[in-house]
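# Notes for the structure review
These are the residues of each chain, in order.
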Amino acid sequence: MFPEEVLEHVFSFLNSHTDRNTASLVCKSWYEMERWCRKRVFIGNCYAVNPRVVIRRFPEVKSVELKGKPHFADFNLVPEGWGGYVYPWIVEIARAYPWLEEIRLKRMVVTDECLEIVAKSFRNFRVLVLESCEGFSTDGLAAVAANCRNLRVLDLRECEVEELSGHWLSHFPDSFTSLESLNMACLGSEVSFSALERLVARSPNLKTLRLNRTVPIEKLSTLLQRAPQLVDFGTGAYSAEIRQDVYSRLADAFSRSKNLKSLSGFWDVTPAYLPAIYSVCSQLTSLNLSYAATRSPDLTKIVSQCYNLQRLVVLDYIEDTGLNTVSMSCKDLRELVVFPSDPFVGEVDVLLTEQGLVSVSQGCSKLQSVLYFCHQMSNSALISISKNRPNLTCFRLCIIEPRVPDYVTHEPLDVGFGSIVENCKQLTRLSMSGLLTDRVFEYIGTHAKNLDMLSIAFAGDSDLGLHHVLSGCDSLRKLEIRDCPFGDKALLANASKLEKMRSLWMSSCLVSFGACKLLGQKMPGLNVEVIDERENVNSLPEYVPVEKVYIYRTVSGQRFDTPDFVRIMGKDKDDLFSDKGLKVAVLFCSNFGTFRPCCCTRSRSL
Amino acid sequence: MDPIPKTHNQDLNLKATELRLGLPGSESPERTTIGGAKNPNLVSGAKRGFSDTINFVKNGAFLAENKNNTSGKDTAVSSSPKVPVAASKAQVVGWPPIRSFRKNSMAAKNTKNEDDPNAEIGSCVYVKVSMDGAPYLRKVDLKIYSSYQDLSLALEKMFSSFTLGQYGTHGSSENPLMNLLNGSEYVLTYEDKDGDLMLVGDVPWDMFTGTCKRMRIMKSSDAIGLAPRVADKCKSGN
């Protein structure tokens, strides 16, 4: 047996959560040792565990990362008020970890009160990252600015902030010089530019600065000059009347930014100002032009100079020709994201097709991650992509119109996606679209053994589809499904699989109230949340499909912060013999391990 | 790795049911589509012919879910390179999967195009609706309503649970929310682009959807002095 100090030293090299979790299972002494020296805790579902349990196990934590709402909340599928409140966590960790340094939250409801507690409770607080969070205002930000003397990172990624004023920035005291990263791109209100400039000027370690729209292009050169050490820069609105002096100053400032590797922002672009960034193009590893409504020639000119680009986020204005240029110029590309410029308009006048993606898959040998919105796709294109890029780890394809078949052969896209999962053996994330039958799920269940997250919409024919996925995908942890004809059978047949996953989301499918209740009753390790906003929901018979169901494993039992449209099924002991009367009782016979429908209304015991 | 509890129910034996697991290419049981119609074309491993596809498309595959109005939809599935799109585009919630932040940014961009009246078509506008005293707020997409009456019906449904004790059933008035609010302690207000607090219903509907940033069902006592600045707003063509 190693002495404790040696073990502790060895564990200090274990940084990934999975490694640490595994080490803690080796034996009791390793468990004890590990829990005392774990500094970073990651909780993928804030309702999977109680804060007190976490604190009891890990007393010396410096960094907490929490996720709240399910992913589909990003697309307005989770009604407001569902939950994801961080307040109970903040209260507990403020009490337990006075030396906490980092908090990272994703899809959680954060109030001003939470931010005030954070601001006042942690003497050495350094990093605050809020991604897709809501519920707070600029007052909360002011509290953080005013009180967190050692703050390094304030990163607001696509949060919904109530903007009371831009004054919050001015609350950083003059003595505050430790800022390394500031991302305020999602804020709409104007901050005092002189306060911003002074903040930048007194932050010698500032590496990331992402401005919001209200900072005018004329002011960018001032900020760039103040911070030549910047690595990651996000512009404000990149438009103005064309003025030579403004342009020259800006181009000059960019050319002096020798450390710049990442550019973003570019809201409201005036194309004539784009060449100002040419001098930094060859340095860039990351470029986000996805808010720039500029056409292909301008975009192509830029990407053709980005020889070192690893990450490109762009609108479909880039067109197939632009992506062809990417495939020839950006040989180091790892990640490609193409968003639609106008997803709701009927007429398609942008020339971005599946061809663009095929060219990039051909030319960019390091491409691993794709998020691609387009209007048409073919099986042969998907097969080509899979053969070109077997090293893909993340493939998310969104064909904008639901259930669109292969536009050449008019067949479903089963074979194409099948090829993706068969050839791309390291695939961990997949999102599918277009016309898909149960066959594609057969392929996925057979081949996608490393798949961690799967998103399905408007696909499949029957429960068999869902069964293939749940029974075949050994590594699956997150499954989200909408508008598919998947129902009770596959869900109940794979009930124990659900405990090996973080969560399952199903909306507009065919899962009934009865099945949800049964699942909740039989699986104490799962919360089965039915999210249903219909007025008459309490009087609906049990065979009626629910609007939405969110199932997740938990060791903390049911939660008690639910709104009226969320019901946690099957946790009430009386449920089994409810007065509603089961018209068709599905009896689960634990003794025989079989599943058969019976017609009876009551049963004494199982 | 989390320990898996041992006291556990067996997996349901799927073979005991009608569902079978076939290897690719083997015979599979007939399956039904969502609408209940059996489609033998889906079953066999053979390639589906063009005409089969048309039938399949017409029978159900192309029609979006119940929430859509897709009347008069003419899906162009042809061998030409033209992309099949729908003639009418009633939106499916949350599809395509684009975050609100991006959608709102695009919507904001579109509203700037005054000379392009079609620029706003299809974009959606999510606004928050809060009610004084309610435990949480709601979000609505103003684009899916066509009139104040539509909107008030929807809001009334959403918030009725908060006022149920007081107002019970609603009358047959044209404007249920107004009914709920009439003589009550609440008024429906909104904050517009300029940050001004306005009464809902005072400006024409189209102007409202273009300028409303968020709505608030507030106590009448707080709304005293909320003078409608309708005339000014209409004149300046906001």
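What counts and what doesn't
Residues numbered from 1 in each chain as written. Chains lettered and ligands numbered in written order. Predicted model: local features only at pLDDT ≥ 70, side-chain atom pairs only at ≥ 80, totals over all residues. Heavy atoms only, no water. UniProt positions renumbered as here; feature names shortened; annotations may be inferred. Helix = DSSP H or I, 4+ residues; strand = E, 2+ residues; numbered from the N terminus. Buried < 20%, exposed > 50% of the residue type's maximum accessible area, 1.4 Å probe, protein only. Contact = heavy atoms within 4.5 Å. Areas by Shrake-Rupley, 256 points an atom, 1.4 Å probe, with all protein chains shown as cover. Expected span 1.5 Å × (residues − 1). Arc of directions from axis to C-beta. Salt bridge = Lys/Arg side-chain N within 4 Å of Asp/Glu carboxyl O. Polar contact = N/O pair within 3.5 Å; in protein donor to acceptor, adjacent residues only side chain to side chain. Core = buried A, V, L, I, M, F, W, Y, C linked by side-chain atoms within 4.5 Å. Phe/Tyr/Trp six-rings, centres within 6.5 Å; stacked < 30°, edge-to-face > 60°.

- The name recorded for chain B in an unreviewed UniProt entry is Auxin-responsive protein, from Helianthus annuus.

- Per an unreviewed UniProt entry, chain A goes by the name Putative F-box domain, Leucine-rich repeat domain, L domain-like protein and belongs to Helianthus annuus.
- In its Subcellular location (unreviewed entry) section, the UniProt record describing chain A reads: "Nucleus".
- Its UniProt record gives chain A the following Pathway (unreviewed entry) comment, quoted word for word: "Protein modification; protein ubiquitination."

## So, the overall build of chain B
- For chain B, the count of helices and strands is six helices and five strands.
- Reading the helices (α) and strands (β) of chain B from amino to carboxyl end gives α-α-β-β-α-α-β-β-α-β-α.
- By residue count, 39% of the 238 residues in chain B fall in the buried class.
- Long-range pairs, those at least 24 residues apart, make up 46% of the contacts in chain B between residues at least 6 apart in sequence.
- As displayed, chain B has an accessible area near 13500 Å², and 52% of this comes from carbon and sulfur atoms.

## A short note on the environment of A:Val528
All names here are of chain A.
- Along the chain, Val-528 turns up in strand β21 (residues 526–531).
- Along the primary structure Val-528 and Arg-553 are separated by 25 residues, whereas in three dimensions their C-alpha atoms are 8.8 Å apart.
- Contact partners of Val-528, with chain neighbours within four places excluded, come to Cys-516, Leu-519, Gly-520, Val-549, Tyr-550, Ile-551, Arg-567, Ile-568 and Met-569.

## So, helix α10 (residues 244–255) of chain A
All names here are of chain A.
- A rise of 1.5 Å per residue sets the reference length of α10, with its 12 residues, at 16 Å; its end C-alpha atoms lie 16 Å apart and thus fit the reference within 8%.
- What α10 keeps buried is the set Val-246, Leu-250, Ala-253 and Phe-254. Taken down its axis, α10 places every buried residue within 100 degrees of arc, on the same side.
- Looking at the buried residues of α10, the elements they touch are α9 (220–226), β10 (232–234), β11 (262–264) and α11 (278–281).

## Describing the pattern of salt bridges
- Within this structure, the stated rule accounts for 36 salt bridges over all chains.
- Of the charged contacts in the structure, one is a salt bridge between A:Arg311 and A:Glu335, with a shortest N-O distance of 3.1 Å. With A:Arg311 in strand β13 (residues 311–315) and A:Glu335 in strand β14 (residues 335–339), this pair connects stretches of sequence that are 24 residues apart.
- On the basis of relative accessible area, A:Arg311 is assigned to the partly exposed category, the value being 32%.
- You can call A:Glu335 partly exposed: its relative accessible area is 23%.
- With a shortest N-O distance of 2.7 Å, A:Arg559 and A:Glu529 are connected by a salt bridge. On the criterion of sequence distance, the pair formed by A:Arg559 in the loop between β22 (548–553) and β23 (566–568) and A:Glu529 in strand β21 is long-range, its members being 30 residues apart.
- A network of salt bridges, in which partner residues are shared, links A:Asp74, A:Arg107, A:Glu158 and B:Arg99.

## Structural notes on helix α14 (residues 354–363) of chain A
Residue and element names in this part refer to chain A.
- Counting buried residues along α14, eight of its 10 residues qualify, which places the element largely inside the surrounding structure.
- Burial in α14 covers these residues: Glu-354, Gly-356, Leu-357, Val-358, Ser-359, Val-360, Ser-361 and Gly-363.
- Looking at the packing, one finds that the buried side of α14 touches α13 (319–329), β14, β15 (369–374), α15 (379–388) and β16 (394–399).
- Its side-chain oxygen placed 3.0 Å from the backbone nitrogen of Gln-355, Thr-353 serves as the N-cap of α14.

## Thoughts on the nonpolar core
- Counting residues in hydrophobic clusters, the biggest one holds 206 residues, and the most contacted among them are A:Trp168, A:Tyr238, A:Phe254, A:Phe395, A:Ile444 and A:Leu479.
- Formed by 25 residues, the second largest nonpolar core is a distinct cluster that contains B:Leu142, B:Phe159, B:Leu188 and B:Val203.

## So, the packing of aromatic side chains
All names here are of chain A.
- What the rule picks out here adds up to 26 aromatic pairs over all chains.
- Centroid distance Trp-82 to Tyr-550: 5.7 Å. Interplanar angle 65 degrees. Geometry classified as edge-to-face. With Trp-82 in the loop between β2 (63–67) and α5 (87–96) and Tyr-550 in strand β22, this residue pair connects regions lying 468 residues apart in the sequence.
- For Trp-82, a relative accessible area of 1% gives the class buried.

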